[in-house]
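Topology and contacts: notes
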Amino acid sequence: MRILVTGANGFLGRRLLAQEGAAEWVGCGRGAATVGVPYWQLELTDRDAVAALVAEVAPDWVVNAAAMTNVDQCEEDADAARRANVEIVEHLAAVCGDAGVGLVQISTDYVFDGAAGPYAEGDATNPLSNYGRLKLESESLLRGLERALVVRTLWLYGYVPGTGANFTTWSLETLAAGEPLRVFADQWGNPTYVPDLARTLVELCRAEVSGLFHMGGATFMTRHDLALALADFFDLDSALVQPVPTGEVGLKAERPLRSGLKTDTLEAILGRRPLGFSEGLECMARDPDFRRDFPQFAR
Ligand SMILES: NC(=O)c1ccc[n+]([C@@H]2O[C@H](COP(=O)([O-])OP(=O)(O)OC[C@H]3O[C@@H](n4cnc5c(N)ncnc54)[C@H](OP(=O)(O)O)[C@@H]3O)[C@@H](O)[C@H]2O)c1
């Protein structure tokens with residue numbers, strides 16, 4: 001099974017491509033090649049370039065992990081946000097549909113308003129932010145395709161070498177430096193271990209299923225709980241973890257507060273449940289890349 005991954009240099013993209021032997025991988029992204037698989041450098045907003053790429057690579061599936069993911073930036077630069085989060089998907093859907101190639105679109109819990117999470121696939125959407133509205137629009141572009149998967153996920157954590165700081169590594173380094181870590185105490189979700197998501201995406205492609213699936217970790221918690229659990233797991237000073245209400249920070253984009261994604265549909269297909277937060281941390285602590293790059297947190 002050949003899988004073409006867009007956004008190959010991003011957090012999820014890199015992790016997908018690191019799964020040696022799970023598929024025949026091809027990556028593509030805007031930047032120069034930095035991944036150890038065949039790689040195409042291109043701007044996905046160029047429809048002709050997307051068509052040429054898919055024709056040349058002839059994948060079984062395309063996993064679209066390219067997106068503008070900075071939620072506040074999506075409020076500020078609506079044109080760039082639309083190009084990255086909708087236009088790219090329009091091109092991929094048209095090209096994959098014509099070629100009979102399967103398309104996986106990664107979406108988000110931000111399609112919900114966070115009034116009454118956790119949410120199942122059939123629950124009513126009501127995005128609060130431009131990012132959430134555009135991702136919801138992107139989902140609709142796959143309707144009518146024969147082989148199409150929309151996978152909504154949330155709160156990705158873990159360590160993927162070559163990507164910049166993420167919430168996990170930044171929190172660990174802040175706490176290890178003895179600095180206060182201010183985290184939202186009123187945002188609820190179920191953090192998703194990024195290798196668990198990457199594995200799940202391969203399994204779904206291999207199972208040749210289509211439709212909408214929610215993928216999140218098995219532990220529902222606040223961001224404040226998450227930071228406390230992280231401090232506890234790595235023997236760091238949990239007194240440094242300070243709760244902050246979201247409304248106090250003046251973020252550009254409104255956040256869904258009581259969010260979270262239920263995974264019963266996915267579990268029925270996979271025959272297993274996603275990892276809980278402490279299980280994910282155990283995996284991360286054992287990960288050779290993490291141990292090499294963060295020896296100070298080795299356990
Ligand atoms: N991270 C999370 O917690 C989270 C939660 C829910 C859903 N998701 C979804 O999961 C997917 C992957 O997220 P991520 O965290 O891996 O994101 P990421 O690390 O920000 O990576 C996104 C990638 O998309 C690429 N990209 C953006 N615009 C592009 C364009 N016009 N042409 C080509 N490439 C472009 C970026 O390239 P550059 O490196 O060149 O900028 C980047 O490599 C996204 O769809 C996101 O919405 C993520």
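Right above here is the structure, for reference.
A brief report on the enclosed structure follows. (Residues numbered from 1 in each chain as written. Predicted model: local features only at pLDDT ≥ 70, side-chain atom pairs only at ≥ 80, totals over all residues.)

Let us look at the site of the ligand. Taken together, 25 residues form the shell around the ligand, and within it Gly7, Gly10, Phe11, Leu12 and Ala67 come nearest. Of all elements in the fold, only helix H1 (11-17), helix H4 (78-99) and strand S5 (102-108) reach the threshold of two or more residues within the shell around the ligand. Ranked by residues supplied to the shell around the ligand, first place goes to H1 with three residues. Partitioned by chemical class, the residues of the shell around the ligand number 13 nonpolar, 10 polar and two charged. (Near = placed C-beta within 6 Å. Helix = DSSP H or I, 4+ residues; strand = E, 2+ residues; numbered from the N terminus. Nonpolar A, V, L, I, M, F, W, Y, C, P; charged D, E, K, R; others polar.)

The omega torsion across Gly117 and Pro118 is 0°, close enough to zero to call that bond cis. Locating Pro118 in the fold gives a position in the loop between S5 and helix H5 (130-140). Even without being a glycine, Ala58 presents a positive backbone phi close to 45°. As for its position among the elements, Ala58 is in the loop between helix H2 (47-57) and strand S4 (61-64).

Next up on the list: the sheet that holds strand S6 (residues 148-153). Taking strand neighbours across the sheet as the criterion, the seven strands line up as S3-S2-S1-S4-S5-S6-S11 in an open arrangement whose pairing is parallel. Edge positions in the sheet fall to strand S3 (39-41) and strand S11 (211-215), since each of these pairs with one other strand and no more. Neighbour to neighbour, the strand axes of the sheet diverge by 20° on average, direction disregarded. The pairing of strand S2 (residues 24-29) with S3 spans three bridges and is parallel. Note on S3: the bridge partner recorded for Gly29 is Gln41. Packed onto the sheet, H5 meets S5 and S6 and runs at close to 155° relative to S5. (Pairing = 2+ DSSP bridges. Axes fitted to C-alpha atoms, helices over the stretch in contact; angles between N-to-C directions. Contact = placed C-beta atoms within 7 Å.)

This part is about the packing of H2 against H4. The N-to-C vectors of H2 and H4 enclose an angle of 35°; their axes lie 9 Å apart at closest approach. Regarding H2 and H4, the two cross each other, and that crossing is right-handed. Contacts between H2 and H4 involve Arg47, Val50, Ala51 and Val54 from the first element and His91, Leu92, Val95, Cys96 and Ala99 from the second. Each residue belonging to the contact of H2 with H4 can be placed in one class, and the counts come to seven nonpolar, one polar and one charged. (Left-handed = near helix turned anticlockwise from the far one by under 90°.)

Next up on the list: the nonpolar core. Ranked by size, the top nonpolar core spans 85 residues in total, and within it Val62 and Val104 carry the most contacts. Per-element accounting of this core gives the leading share, eight residues, to H4. Setting aside its immediate chain neighbours within four residues, Val104 contacts Trp61, Val62, Val63, Asn64, Leu149, Val151, Leu201 and Cys205. (Core = buried A, V, L, I, M, F, W, Y, C linked by C-beta atoms within 7 Å. Buried ≥ 20, exposed ≤ 12 C-beta atoms within 10 Å, placed from the backbone.)

Orientation of H4 relative to H5, taken along the N-to-C sense of each, is 20°, at an axis distance of 9 Å. When the axes of H4 and H5 are compared, the pair comes out roughly parallel. The way H4 lies across H5 gives a crossing that is right-handed. Here H4 contributes Ala78, Ala81, Arg82, Asn85, Val86 and Val89 to the contact with H5, which in turn contributes Asn130, Tyr131, Leu134, Lys135, Glu137 and Ser138. Residue classes in the contact of H4 with H5 are distributed as six nonpolar, three polar and three charged. (Parallel < 35°, antiparallel > 145°, perpendicular 65-115°, else oblique.)

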